[in-house]
Amino acid sequence: MPIKLVTCHVAVCDVCATTYGTDHDDQCAVHCTTREAAADLIRADREWLVTTDGRVICLIGDPAHQAALDALLPPAPAAVCDGQLQLDL
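Rules and cut-offs
Residues numbered from 1 in each chain as written. Predicted model: local features only at pLDDT ≥ 70, side-chain atom pairs only at ≥ 80, totals over all residues. Heavy atoms only, no water. Core = buried A, V, L, I, M, F, W, Y, C linked by side-chain atoms within 4.5 Å. Buried < 20%, exposed > 50% of the residue type's maximum accessible area, 1.4 Å probe, protein only. Contact = heavy atoms within 4.5 Å. Disulfide = S-S within 2.5 Å. Helix = DSSP H or I, 4+ residues; strand = E, 2+ residues; numbered from the N terminus. Salt bridge = Lys/Arg side-chain N within 4 Å of Asp/Glu carboxyl O.

Chemist: Explain the nonpolar core to me, using residue names and the numbers behind them.
Modeler: Grouped together as the largest cluster of nonpolar side chains are 8 residues: Ala-11, Cys-13, Tyr-20, Ile-42, Trp-48, Val-50, Val-56 and Cys-58. Those residues in contact with Val-50, other than ones at most four positions away along the chain, are Ala-39, Ile-42, Arg-43, Arg-55 and Val-56.

Take a look at the structure:
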């Protein structure tokens, strides 16, 4: 039996380094043959996110993950109403 090099891609969270498809360190990760296939697999899972710039984030509800998600949002618009007086604080 020949031995050959096989390249595979696994998705890993950019925040916590959790590998997609594993709940514990002793489990085998989900392997894909292309980077695009791995991204498509993540996009189909509601508990993971692939950002437009290619970052992968698992949606664990902790402060680090929330900060990563908040960084993706545009800044909140300033609330200004016609005739409102500016307060000097």
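Chemist: Tell me about the state of the cysteines, and name the residues and values.
Modeler: Counting across every chain of the model gives 0 disulfides. Free of any disulfide, Cys-32 has its nearest neighbouring cysteine sulfur in Cys-8, separated by 8.7 Å. Cysteine Cys-58 is unpaired, with the sulfur of Cys-16 as its nearest cysteine sulfur at 3.6 Å.

Chemist: Go over the side chain of His-65, please, and point to the residues and values.
Modeler: Its location among the elements puts His-65 in helix H2 (residues 63-72). Overall, the relative accessible area of 1% leaves His-65 in the buried class. In this view, His-65 contacts Cys-13, Val-15, Cys-16, Ile-57, Cys-58 and Ile-60; residues no more than four positions away in its chain are not counted.

Chemist: Could you give an account of the environment of Val-80, naming the residues involved and the relevant values?
Modeler: As for its placement among the helices and strands, Val-80 is situated in the segment after H2. Assessed through its relative accessible area of 64%, Val-80 is described here as exposed. Taking the C-alpha atoms as reference points, Val-80 and Thr-22, separated by 58 residues in sequence, lie 47 Å from one another.

Chemist: Describe the pattern of salt bridges, with residues and values.
Modeler: The full count for this structure, using the stated rule, is 2 salt bridges. The shortest N-O distance in the salt bridge between Asp-14 and Arg-55 comes to 3.5 Å. Note that Asp-14 is positioned in the segment before helix H1 (35-43) and Arg-55 in the loop between strand S1 (48-50) and strand S2 (56-58), a separation of 41 residues in sequence. For Arg-55, a relative accessible area of 27% gives the class partly exposed. Note that Arg-43 and Asp-40 form a salt bridge whose closest N and O atoms lie 3.1 Å from each other. In this pair, Arg-43 and Asp-40 are both assigned in helix H1, 3 residues apart and thus about one turn of the helix distant. You can call Arg-43 exposed: its relative accessible area is 53%. Among the residues examined, Asp-40 registers a relative accessible area of 46% and is labelled partly exposed.

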